[in-house]
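Close look at the chain arrangement
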Protein chains: 2
Amino acid sequence: MTHDHLELAEQYQKELVAEGLLVQTGVMGVYGRSGVFEEALEAFDQFVRKQGQALHPEVMRFSPVIGRANYLKTTHIESFPNLIGSVHSFYGKEKDHLEMLRKIQDLEEWTDDLDPTDLMLTPAICYPLYPTVRDTVLNENGRTFDLMGFAFRHEPSVDPARMQTFRMHEFVRMGTPEQALGHRDFWLKKAEEIYQTLGINAKPALANDPFFGRGGRAMVVSQREQELKYELVVPITSEEKPTAIASSNYHLDHFSQPFNIRLANGEVAHTACFGFGLERTTLAMFKKFGFDVKAWPSETKSVLGL
Amino acid sequence: MTHDHLELAEQYQKELVAEGLLVQTGVMGVYGRSGVFEEALEAFDQFVRKQGQALHPEVMRFSPVIGRANYLKTTHIESFPNLIGSVHSFYGKEKDHLEMLRKIQDLEEWTDDLDPTDLMLTPAICYPLYPTVRDTVLNENGRTFDLMGFAFRHEPSVDPARMQTFRMHEFVRMGTPEQALGHRDFWLKKAEEIYQTLGINAKPALANDPFFGRGGRAMVVSQREQELKYELVVPITSEEKPTAIASSNYHLDHFSQPFNIRLANGEVAHTACFGFGLERTTLAMFKKFGFDVKAWPSETKSVLGL
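Residues numbered from 1 in each chain as written. Chains lettered and ligands numbered in written order. Predicted model: local features only at pLDDT ≥ 70, side-chain atom pairs only at ≥ 80, totals over all residues. Heavy atoms only, no water.

Topic: the sheet that holds strand β6 (residues 115-121) of chain B
What counts is decided by this rule: Two strands qualify as a pair provided that DSSP identifies no fewer than 2 bridges between them. By definition, any uninterrupted DSSP run of H or I lasting at least four residues is a helix, any uninterrupted run of E lasting at least two residues is a strand, and each is numbered from the N terminus. To define axes, lines are fitted to C-alpha atoms, for helices over the stretch in contact only, and angles between the resulting N-to-C directions are given on a 0 to 180 degree scale.
Taken in spatial order, the six strands of this open sheet run β4(A)-β6(A)-β5(A)-β5(B)-β6(B)-β4(B), and their pairing is antiparallel. Each of the sheet's edge strands pairs with one partner strand only, and the pair in question is β4 (65-67) of chain A together with β4 (65-67) of chain B. If you compare each strand with its neighbour and ignore which way they point, the axes differ by 50° on average. As judged from the three bridges shared by strand β5 (residues 86-89) of chain A and strand β5 (residues 86-89) of chain B, these two strands associate in the antiparallel manner. For V87 of chain A, the partnering residue across the bridge sits in β5 of chain B and is V87 of chain B.

Below is the structure:
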C-alpha cells in the first residue's frame, strides 16, 4: 500500500472509531465492534447462509484454533510464515512461575519461559475442515460444507479492512475437478448477484495470495497462470486500491493429498472454497450507504432484514 | 476429576461424536460443531441476549485475542499461568525461513524461531472490555455491557464440557459496589429462572477459581470468604460432579484499578460480570433432553424458537 492509501485507510478507521462502530484495543488491526456493526454483519452472514441452503451443505463450525500437527500437514508455513499465530503456554512449576513473574515485573523478556501448545491460530476458515474428512472416499456427489468462523493473520495495519482477526462465511466443495470448478463458477456468479442485490457493485477478478519471499514470486505466477484465485473487489478505503470482500480458491489436490481425501475411482479429490469476508463486506456497506443503518437503501435493509 | 468421572466424561464425549454433534480435531478439548449443535447454541445465545435487553446494555463484541500489554495489566498470569495462550509469529528473513522449514522437515524444535506478537488469547470474555473504558469517570448510572465471544484456556481434557476454546454470553456492570452487587443478585436470580424455563434445574452455589500453585490456595480461601464467585451447576458428564453452566464474578476493583475506571466521587469503580457458558448450556440441554432436538420438550423448543 502506498502512503496515500494508508492515509485514506487510517482516516476511514478514525471515522469508524469516532462513530463507535469499531473500538480501539491498543493493537493495530484488532478492534471491538459495536452492536450496530455486529447486527449488520450477522444479517449479511445469515443472508449468505440462506443463499447456500439450495446446495444442502453440511453445516460445520470450528473454533479459532487448529491442531498444530494438522496445520503442519498443509503448506501454509511455507507460503505465509509471516502471517502465522502459534499458541504457547506455561508448563512450569511454582518456582518457574515466580521467576517468570519476576521477569515480567522487571520488563525482561519472559515468553522464553513458555512452550508451544498443540495449537495454532486458524489461518483460513476451511483449514480445520480437511483433517476431519481425512482418509475418506467421496461418493459421486462429493461433499459440500457451510463454514463460518474466525481466521487470524499477523499483519498489523491501520487499514480497518485488514484486521488481524476476522470472520468469513465459506462454502467448501470436495469432489471431482469438475465439481470443484462448478462450485467456483456457481459462487462467483451468485456472489456478484448477492452484492448487486445489496446495492454493491463487486466484480470478480483474477487474484493471487501474498506468498512470502522471493520463492513466493514463482508461486504467484503459477497461481495466476492456473487461475486458482478470484476475488470480488469494491472500494472501501480507496477507489484506486479496491478491497477484496469475497474470494474463491480452487485448491486442486492441495488439501486432499495430505489428508487423503479420494474419489471412488481411487484418484485424489479436488477441493474449492468460496468465502465471504464478513467484516470487509460490513465495512463496504458502511462506506457505501453511510454510518446510519436506518438511512440505508430500503432494498438493502429489506434483503438483510434490518 | 477422579478416574470414574473422567471415564463418564469420555463416554459422553464419544456419544456426542458418534451423534455428529461434536467433531474430533485431533486435539483434546477442541471440536468442530455440527449445524444442529450450533443452532441450539445460537438459540440459547439469542434468548439470553433478549433477557438482558431490559438493562439496556451497550452491546460490544471482541475477537478471540487481547493486547498483550493490556493483558499484563491484569493479574491473570499470576493466578492462571498454566491456562494462558500467548500468540507467537515469524519475523525472520528468507534464509531464516528456510532454516525453520528445515527444522520442521527434520522434526526438530522449530518454534524457537518465533517471537511473541502483541497478542494473547482472551482468557475470559470480559477481559478485553476494561481497557476500552480506561481512564473514564462513570456517571451515577454506571455502565452495563452485553458481550459474547470466544475464550481460551489451555486445559486439554476428554471432558466435552471442558473445551480449550468456548463461548460465553456475558453481562458486565461497572459502577458503585451496590450497583455491581445488584447486578450479581439480579443475574443469579434471572439465570435460575432462565434455566428453569428451559427445563433445567440449576441452583447458584458459592464457587472458586482454580488458582495456580500453593499461593493459589490462599486466594481460593479469600475468594470464598468474600463470596466473590457463584456458579450455577447441573450434571452433564456426572451426577456427583456437576458442571458450572453459568457463573457470576464480583471483581471489586480488580479491573477498575489497573484501568483507572472511576466514580464521579473520585473513588475507583467496582465491576461484576455474569456469564452464560454457551457450549456447556448446550451440552446440558443435549444431556437432559436427548440428541434429537425435535423430541425436546415443547416448552423448551418454544422458548428457544427451535
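Focus on the relation of the copies chain B and chain A
The condition that has to hold: Superposition of the copies used a least-squares fit over C-alpha atoms from residues whose pLDDT is at least 70 in both. Residues count as neighbours in contact if any of their non-hydrogen atoms are within 4.5 Å of one another.
Aligned on chain A, chain B shows an RMSD of 0.0 Å; the corresponding rotation is 180° and the shift along the axis is 0.0 Å. What the rotation and shift describe, once combined, is the action of a two-fold rotation axis. No C-alpha of chain B lies nearer the rotation axis than that of V87 of chain B, which sits 2.5 Å from it. In this assembly, 100% of the residues forming the interface of chain B have copies in chain A that are likewise at the interface, indicating an isologous arrangement.

What to know about the packing of aromatic side chains
The following threshold applies: Working definition: a ring pair exists when centres of Phe, Tyr or Trp rings (six-membered ring for Trp) sit within 6.5 Å. Plane angles under 30 degrees give stacked, over 60 give edge-to-face, the rest tilted. Each residue is placed in one exposure class: buried if its accessible area under a 1.4 Å probe, protein chains only, is under 20% of its type's maximum, exposed if it is over 50%, and partly exposed if it falls in between. Charge-over-ring contacts are defined here by two conditions on Lys NZ or Arg CZ: a distance within 6 Å of the ring centre and an angle within 35 degrees of the ring normal.
Taken as a whole and judged by the stated rule, the model has 35 aromatic pairs over all chains. Measuring from centroid to centroid gives 6.0 Å for W187 of chain A and F274 of chain A, while their planes differ by 20°, and the two rings are stacked. One end of the pair, W187 of chain A, is in helix α7 (residues 177-198); the other, F274 of chain A, is in strand β14 (residues 270-277), and 87 residues separate them in sequence. Per residue, the accessibility class of W187 of chain A equals that of F274 of chain A, and both read buried. Following the ring pairs from residue to residue traces out a cluster consisting of F44, F171, F186, W187, Y195, F274 and F276 of chain A. K287 of chain B extends its terminal NZ or CZ atom over the ring of Y12 of chain B, reaching a point 4.5 Å from the ring centre.

Digging into α7 of chain A
All names here are of chain A. We apply this condition: The span one expects for a helix is its residue count, reduced by one, times 1.5 Å.
Its 22 residues give α7 an end-to-end C-alpha distance of 31 Å, which sits within 8% of 32 Å, the value for a rise of 1.5 Å per residue. Residues Q179, A180, H183, R184, W187, L188, K190, A191, I194, Y195 and L198 constitute the buried set of α7. With its phi angle positive at about 90°, G199 sits one or two positions after the end of α7.

Digging into the sheet that holds strand β9 (residues 165-175) of chain A
Hydrogen bonds along the backbone pair up the strands of a sheet, which may run parallel or antiparallel. Strand order in the open sheet made by the nine strands is β10(A)-β11(A)-β12(A)-β14(A)-β9(A)-β8(A)-β3(A)-β2(B)-β1(B), with mixed pairing throughout. Looking at which strands have only one partner, the edges of the open sheet turn out to be β10 (203-206) of chain A together with β1 (22-24) of chain B. Mean inter-strand twist for the sheet, computed between neighbouring axes without regard to direction, equals 25°. The pairing of strand β8 (residues 143-152) of chain A with β9 of chain A spans 10 bridges and is antiparallel. Across the sheet, D146 of chain A pairs through a bridge with F171 of chain A, a residue of β9 of chain A. Packed on one face of the sheet, helix α2 (residues 35-52) of chain A meets β3 (58-61), β8, β9 and β14 of chain A and runs near 5° to β9 of chain A. Here α7 of chain A sits on the sheet in contact with β8, β9, β10, β11 (229-234), β12 (243-252) and β14 of chain A, set at roughly 15° to β14 of chain A.

Looking at the pattern of salt bridges
Residue and element names in this part refer to chain A. Counted only if it meets this: Salt bridge criterion: a side-chain nitrogen from Lys or Arg within 4 Å of a carboxyl oxygen from Asp or Glu.
By the definition in use, this model includes 32 salt bridges over all chains. Residue E58 is joined to R143 by a salt bridge in which the shortest nitrogen-to-oxygen separation is 2.7 Å. Pair noted here: E58 is in strand β3 and R143 is in strand β8, with a separation of 85 residues, a long-range link. The class of E58 is partly exposed, set by a relative accessible area of 31%. The partner of D106 in a salt bridge is R102, and the shortest N-O contact between them spans 2.8 Å. With relative accessibility at 43%, the residue D106 sits in the partly exposed group. Sharing partners across several salt bridges, the network here consists of R33, E38, R167 and E279.

Fair warning: the whole summary comes from geometry, so function is off the table for now.
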